[in-house]
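Structural description and commentary
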Amino acid sequence: MIISEDEKSLIEMFRASDDVQRVMILTYVRNLAPKNEHDIIERPTENSGEQYDDNLKNKKMLCKRLRRLARLDRIRLDESEHTSALNRHLSKYFDYLGVDKLEYVKKYIEHIQPFMIKEVKSQEKFDNAICVLDEYYRIAVYIKADATRGEEMIISFHENNKNGIAKREPLRKSTGEVYVFPETISAHVSGTDLYDINLFITRGATSLPISVSARRCDDEGFWVRLGDIERALVETANSYLQDLYTADLDYSEVEPFYSL
């Protein structure tokens, strides 16, 4: 393979750059690169565009409502056993781990993203009810809340099931882009819509901080490749594990790296 002078200059520029500049260069190059047949991002057709926009708009609205609830000091968590007796499994799991259940659930929904959820309208049987499934798991998490002012409560937070049998979700393909709300913006390629943003993604009982490349969508959020999110989660988890086995630690004092 013959490398052009422009490509050589770009390589030398990359080698001489600091970490932030390297991320920006990689982001720029990635967006210039032609996409192969496995990287095609489906866009709405002319007929489906309105429905697509309405679906994203609804998910953004639901996410923002849940995130606002999570920030309320007065919100409560219903820990009573439901009639089905199938809602206590996660509560018992968090008790075993010594996790404060209300604080965990608040942090969980504070960082929830539109691409994760699907609304369950059939379960919204009273005013100000919010019911969604977090489908970013093999077994979705069922979340139901009452957003009535002064009576805010997380009513349900448990694995999705039907008659006591866990309902498995299909494996997601990681080739498309998803919409996200950023926690912070860490870098911007001047003159473009390309950014590096920081997110918190809660997987299991741990909120993982990640940084990913993104394209500006609107004033509130960005488009991010789902595959980039998944790779960043794996890299962050691996770095935690590497710190554990390379550090001179008393492992009896190390908090277990647990998952849901």
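Residues numbered from 1 in each chain as written. Predicted model: local features only at pLDDT ≥ 70, side-chain atom pairs only at ≥ 80, totals over all residues. Heavy atoms only, no water.

**Topic: the nonpolar core**
Core analysis: the biggest nonpolar cluster contains 49 residues, and Tyr108, Phe157, Val180, Ile197 and Ile229 have the highest contact counts within it. The greatest single-element share of this core, amounting to six residues, is contributed by helix H3 (residues 49-70). In contact with isoleucine 229, not counting residues within four places along its chain, are Phe115, Tyr136, Val178, Val180, Leu199, Ile210, Val212 and Val224. (Core = buried A, V, L, I, M, F, W, Y, C linked by side-chain atoms within 4.5 Å. Buried < 20%, exposed > 50% of the residue type's maximum accessible area, 1.4 Å probe, protein only. Helix = DSSP H or I, 4+ residues; strand = E, 2+ residues; numbered from the N terminus. Contact = heavy atoms within 4.5 Å.)

**A closer look at empty space enclosed by the protein**
Enumeration according to the criterion identifies two cavities of 30 Å³ or more in this entry. Looking at the largest cavity, it is lined by 17 residues, and the ones nearest its centre are Leu77, Asp78, Asn87, Ser91 and Phe157. Mapped by element, the contributors of at least two residues to the lining of the largest cavity are helix H4 (89-97), helix H5 (101-110) and strand S5 (153-159). The element best represented in the lining of the largest cavity is S5, accounting for five residues. In the lining of the largest cavity, the residues fall into seven nonpolar, six polar and four charged. Taken as a whole, the second largest cavity holds about 40 Å³ of empty space. (1 Å grid on protein atoms, 1.4 Å probe; cavity = no way out; pocket = protein on both sides within 12 Å on 5 of 7 lines; lining within 4 Å. Points joined across faces, edges and corners; volume = space filled by probe spheres on them. Nonpolar A, V, L, I, M, F, W, Y, C, P; charged D, E, K, R; others polar.)

**Description of the sheet that holds strand S10 (residues 194-203)**
Across the sheet, five strands lie side by side as S8-S12-S11-S10-S9; this open sheet has antiparallel pairing. The outermost strands of the open sheet, each flanked by one partner alone, are strand S8 (177-180) and strand S9 (184-188). For this sheet the average axis-to-axis angle between neighbouring strands, irrespective of direction, equals 45°. Both S9 and S10 contribute to a ladder of four bridges, which runs antiparallel. (Pairing = 2+ DSSP bridges. Axes fitted to C-alpha atoms, helices over the stretch in contact; angles between N-to-C directions.)

**Section: the pattern of salt bridges**
Under the counting rule described, the total for this entry stands at 13 salt bridges. Between glutamate 110 and arginine 71 there is a salt bridge whose closest N-O contact spans 3.8 Å. Remark: arginine 71 occurs in the loop between H3 and strand S1 (76-77) and glutamate 110 occurs in helix H5; sequence separation between them is 39 residues. Judged by its relative accessible area of 26%, glutamate 110 falls in the partly exposed class. With relative accessibility at 49%, the residue arginine 71 sits in the partly exposed group. (Salt bridge = Lys/Arg side-chain N within 4 Å of Asp/Glu carboxyl O.)

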